[in-house]
Amino acid sequence: MAYREAAFDPWGRPFVVMEFIDGPSVEERLGNIWLSDEQFSAMAIHLASGLGVAHRLGMVHRGIAPDSILLAGGDPMRCKIIDFAIAAAEPEDGFVGKFKYVAPEQLGEYDGQIGPWTDLYSLALTLLAIASGRDVDMGDSIAEAVRKRLWLPDLAAIPSRYRLAFERALHPEPAMRPRSMDDFINLLKEVRTRGGTSSASTDAHELPAQSPLPSAGTGASSGAVSQAPLTGRRIPKWALIGSAAAIFLVATVLVVMLATGGDVGLRKGDKSGIDSATPEIAALATSLANRQPCAWLTFEPATGKGPQFVGGAGNRSDAQSAIMLGLADAQAGGGSVGWDEVVSFDQSLCGAIDALRQFRANDDLVTSPKRTYVAAEKDMILSDEYSLGQGMWTQPLLRVGGLQPDEDLILLVIEAGSKMQPLFSGREAGEGVVQLLSGTVTQDGFEVPYPAKLEQPPKEGYGIAVVAGKGPFPVDLFGDANDSSPRVPLDAGWPDRFGRAARAHGWRTDIFWFSVTDGSTG
């Protein structure tokens, strides 16, 4: 909406002359707005452009919702944003906004990091409501609203070609969303120009939505690489009003969870609980694992240790809390779930891990007999001519399999949970490495004892990532395995570049996570 003039009347009273818009709000027309895919993206770009202008002037709206967008003449292509007075309001106890459409940080999450990305989250929810024809169910109570914003809403109503942009815009963590409206617009225009589809189309890589029991084995969201640490979740002060009992319960459960040293107790009524690993509970646990940002998790319902989650997470406590709340909300009863074999990795890798997870294979591409290996002091001799030197070494047996005859691969090592580097690129190069390490080439892959060094006792996490599909695997994307110190060149644009290449070449991914511990102590 245009502001025409600000002045004073003859009596000294200030007034503002604004554009008159003759038309209903989006809220009034919700359920009766019919758009083609191109019209939907045009409306999204138009609204994002308007907010981008405000952001460049230093304003964050904080109240984008269906009732803050008017349709001039009832035309969705002539949409106008109103209610910018909210942008000038001072928040009390951390909250300003339209409750159903606020971003997680407006509820006190992530240290309340308000910025253009906050408006982007609300705009994406509003556009999702337009596409769905109804308000998005993001919780009616404070506790429910916080919980529902731990993962993505159901994006099925968004045209498939634009879903990747919406996955990014609705990422729970502010640092993982596009940083400006221009970035979001570029994501939309990119698929508009090439007429492609995002990874979120209904295939094996679809991101699980917030449905009660999504199918198992799906992928998850993407995000930009964040160099800043991601904060733990907290309940905003104002949320205590009228919610003391619920928050006391959540806080008590979290204290118990942390005190148990990794096992999440789930006690509720007389239900048999997750120990029984019913198909419904197993599907829910798998879905919750796949939804967690900055994580690569797998639910194993039946192991010698009982049901457990395995894999890696940038923030184990965040992922653990979110999954615990999701299971408790579904009334998964008594029993415990192990977390001891979830490896921690540095949060600077979050964007890369999320991008890889979008293309997670349905079946394992890389496995190992154990998830914890003990290191001992020795000289790691590979052959008569080659040694890796003295140190705390162990050799997990890695099994790479399930490769199709026409598939190539690159193998990436996430070492000590903080750096990602290519071990080899291409099957031919891989066979050379396997031979050097005294491994075995199999019909659909290989087995190799991989030398893993413990740099900082008593324990470090490792991840072995496989990207399989049509090669080659660009050096500017994965680094050069032949360098003396190879590194994957991760930056803020890496997830987008990887996603484009993965879709173009039909890549699928898998990561096996394991720990290396010090065998010289206790």
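Note that the structure is predicted; figures quoted are calculated from it, not measured.

Asker: Where do I start with the overall build of the chain in this structure?
Answerer: Of regular secondary structure, the chain possesses 14 helices and 20 strands. A separation threshold of at least 6 residues defines the contact pool for the chain, and within that pool the share at least 24 residues apart is 72%.

Asker: Before we go on, may I ask you to explain the confidence of the model for the chain in this structure?
Answerer: If pLDDT is low for a region, its predicted coordinates should not be looked at in detail. The pLDDT averaged across the chain works out to 78; a share of 76% of its residues lies at or above 70. Between the elements of the chain, mean pLDDT differs from a low of 33, seen in helix α8 (residues 244-259), to a high of 96, seen in strand β10 (residues 366-367). Low pLDDT, under 50, characterises residues 195-273; the stretch is placed with 199 contacts to residues that sit more than four places away or in other chains.

Asker: In this structure, what is going on with the sheet that holds strand β9 (residues 342-344)? I would like to understand it.
Answerer: Hydrogen bonds between backbone groups are what pair the strands of a sheet, and the pairing can be parallel or antiparallel. Taken together, three strands build an open sheet; the order of strands is β6-β7-β9 and the sheet is mixed. Looking at strand neighbours, the two that pair on one side only are β6 (295-300) and β9, the edges of this open sheet. Strand-to-strand, the axes of this sheet are offset by a mean angle of 15 degrees, without reference to chain direction. Note that β6 and strand β7 (residues 308-313) share six bridges and pair antiparallel. Each residue of the ladder has a partner; that of Ala295, found in β7, is Ala313.

Asker: What should I look at first to understand the pattern of salt bridges in this one?
Answerer: Applying the stated rule across the entire model yields 12 salt bridges. Residue Arg56 pairs with Asp182 through a salt bridge whose shortest N-O separation is 3.6 Å. Residue Arg56 is located in helix α2 (residues 37-56), and its partner Asp182 is located in helix α7 (residues 181-194); the two are separated by 126 residues in the primary sequence. Here Asp182 falls in the partly exposed class, since its relative accessible area comes to 40%. One salt bridge connects Lys148 with Asp137, and the closest N-O pair in it is separated by 3.7 Å. Pair noted here: Lys148 is in helix α5 (residues 142-148) and Asp137 is in the loop between α4 (116-132) and α5, with a separation of 11 residues, a long-range link.

Asker: Help me understand the environment of Ala319, please; the structure alone is not making it clear to me.
Answerer: With respect to the helices and strands, the residue Ala319 is situated in helix α10 (residues 316-329). Given the relative accessible area of 4%, Ala319 is considered buried. Measuring from C-alpha to C-alpha, the distance between Ala319 and Leu150 comes to 9.3 Å, with 169 residues separating the pair along the chain. Excluding anything up to four places from it in sequence, Ala319 contacts Gln292, Leu297, Ala313 and Trp339.

Asker: What is the right way to look at helix α11 (residues 350-357) in this model?
Answerer: Side chains that are three or four residues apart share a direction in an α-helix, a result of its 3.6 residues per turn. Counting buried residues in α11 gives eight out of eight residues, a clear majority hidden from the surface. Within the span of α11, buried status applies to Cys350, Gly351, Ala352, Ile353, Asp354, Ala355, Leu356 and Arg357.

Criteria and thresholds
Residues numbered from 1 in each chain as written. Predicted model: local features only at pLDDT ≥ 70, side-chain atom pairs only at ≥ 80, totals over all residues. Heavy atoms only, no water. Helix = DSSP H or I, 4+ residues; strand = E, 2+ residues; numbered from the N terminus. Contact = heavy atoms within 4.5 Å. pLDDT = per-residue confidence, 0-100. Pairing = 2+ DSSP bridges. Axes fitted to C-alpha atoms, helices over the stretch in contact; angles between N-to-C directions. Salt bridge = Lys/Arg side-chain N within 4 Å of Asp/Glu carboxyl O. Buried < 20%, exposed > 50% of the residue type's maximum accessible area, 1.4 Å probe, protein only.

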